[in-house]
Amino acid sequence: MASRMTVKSKSLVIKNGKVLLASGELVEKNLLLENGRIAKIGAANRAAVELDAAGAYVLPGLIDIHTHGIGYESSNGSLKAYAEKEAARGTTTFYPTLFGPPEVSAGHMRRHIEETDNLRALPQIGGFRLESPYLGRTGAGISTDLAPISKATTNMLMKAGGGKIKIWDFSPELSGAIATIASLSRAGMVCSLAHTRCTIAQARQAVEAGARLVTHLFDTFEIPPTTDPGVYPAGLVDYLLIEDRVACEIIPDGTHVDPLHVEKTFRCKPADRLVFVTDSNFGAGLPSGDYVLPQGWGRVRINGSNNGVRLIDRKMALAGSAMTPIDGLRNAVRLFGRDMAAASRLCSKNAAGLLGLNKGEIAADRDADLVILDSNLDVLHTIVAGKVIYSRG
Ligand SMILES: [Zn+2]
């Protein structure tokens, strides 16, 4: 009788790549992946399947905790098609983010749960994120996307999410926000301060209640008014920059947030409390050109990944980011001058830490979620749970 123990078909060796180790060093090593985990980092591993990564970088797979869509796919459509597009951009974990009236978001979650066997069919998906409805201001959304906080709405959304809502956005100034943040945080959800005009005292209350994230810092936040020309005012952003308990998201395209503010954020936040997100939607990742996008987006122009998606019929107003996760990693290195270890923290490890995932660094027993990049930082392979889910060409 053949022993099950000898079957090595679930193993993969990645050979000769420049591996980013948890120490931050980039070292030429072989990696043995077994049963969905990183089994061994070393020289002489063998497996049934080998992947030659000579000359390439082997990094933790990219994690995007704030994304609404990519190309022609979105969290309102097919998650399977969305996940395939994300795989081509190096994404090994993402949180499809819903923005819309509560009943509509609930409907999408119910459908996704059913279509994907409670998300089990798509290991790239970490869970859902709800950006609406509990916001004090819409940002790029519309007023019907918002709702007052109520137990009935919260319970309806929780039920529709089937236990898979992992991140939930709140404006702390809304009635009931602090109590709801406290109870959801106790239940293990990451609550994020978002789209808010709250006072610093209200934000601090939300953090005391358990909020641990800030949604796209700077974007949708207000510049504090000057009350006396001799006094420089402090605002909510200033508090959030020095509040070490919260991680801050940034959309790192250099357009949504001026690079000077990004640099300031690097200097203020602890190294593990800054998370790059795309906040991508329809159009992200498409080559430069003019497009007609679905669901009322209309005619848009895309000019590279850093210039956003622009609405042609509305005087080229910014409709969303054109970035995908790999663009964020490239910008960390090229636009913001970070080394590979820091870039990987921003695009992978810090998000994993926030969500409590066994991911985000290359170390024994971590999940085998990896991205292999050529010397130009273009994606060659994307690997999830030890399986190659994308290869270029
Ligand atoms: Zn968003």
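Structure's up top.
Draft legend 1. Looking closely at the overall build of the protein chain. Of regular secondary structure, the protein chain possesses 9 helices and 22 strands. At 21 Å, the protein chain has a C-alpha radius of gyration in line with the 21 Å of a compact globule built from 393 residues. Referenced to the eigenvectors of the C-alpha coordinate spread, the extents of the protein chain come out at roughly 75 × 45 × 45 Å. Every one of the 393 residues in the protein chain was classed for burial, and the buried ones make up 53%. Long-range contacts, defined as pairs at least 24 residues apart, comprise 66% of the intrachain contacts of the protein chain with a sequence gap of at least 6. Within the structure as shown, the protein chain displays about 17000 Å² of accessible surface, and the carbon and sulfur contribution to it stands at 52%. Treating the 44 positive side-chain charges of the protein chain as one cloud and the 40 negative ones as another, the clouds have centres 4 Å apart.

Draft legend 2. Quick look at the packing of aromatic side chains. Throughout the structure, instances matching the rule amount to 8 aromatic pairs. Consider the rings of tyrosine 134 and phenylalanine 170, whose centres lie 5.6 Å apart with planes at 35°: the pair is tilted. Within this pair, whereas tyrosine 134 is found in the loop between strand S10 (128-130) and helix H3 (151-160), its partner phenylalanine 170 is found in strand S11 (residues 165-170), the two being separated by 36 residues in sequence. Each member of the pair tyrosine 134 and phenylalanine 170 is classed as buried. Arranged with centres 5.9 Å apart and planes meeting at 85°, the rings of phenylalanine 282 and tryptophan 297 form a pair that is edge-to-face. Placement of phenylalanine 282 in the loop between strand S15 (274-276) and strand S16 (289-293) and of tryptophan 297 in the loop between S16 and strand S17 (298-302) is noted, with a sequence separation of 15 residues between them. Residue phenylalanine 282 shares its accessibility class with tryptophan 297, and that shared class is buried. Cluster of aromatic residues (ring-pair linked, three or more members): Tyr134, Trp168 and Phe170.

Draft legend 3. Here's a closer look at the coordination of the zinc ion. Ligation of the zinc ion by protein atoms is provided by His66 (NE2), His68 (NE2), Glu131 (OE) and Asp279 (OD), these donors lying 2.0 to 2.3 Å from the ion. Angles of 84 to 172° at the metal separate the 4 donor atoms of the zinc ion, which places the site in the irregular class.

Calculation notes
- Residues numbered from 1 in each chain as written.
- Predicted model: local features only at pLDDT ≥ 70, side-chain atom pairs only at ≥ 80, totals over all residues.
- Heavy atoms only, no water.
- Helix = DSSP H or I, 4+ residues; strand = E, 2+ residues; numbered from the N terminus.
- Rg over C-alpha atoms; globule rule 2.2 N^0.38 Å.
- Buried < 20%, exposed > 50% of the residue type's maximum accessible area, 1.4 Å probe, protein only.
- Contact = heavy atoms within 4.5 Å.
- Areas by Shrake-Rupley, 256 points an atom, 1.4 Å probe, with all protein chains shown as cover.
- Lys, Arg positive; Asp, Glu negative; His and termini not counted.
- Charge placed at Lys NZ, Arg CZ, Asp CG, Glu CD.
- Phe/Tyr/Trp six-rings, centres within 6.5 Å; stacked < 30°, edge-to-face > 60°.
- Donors = N, O, S within 2.8 Å, 3.2 Å for Na, K, Ca; no water.
- Tetrahedral: all angles 85-135°; square planar, octahedral: opposite > 155°, others 65-115°.

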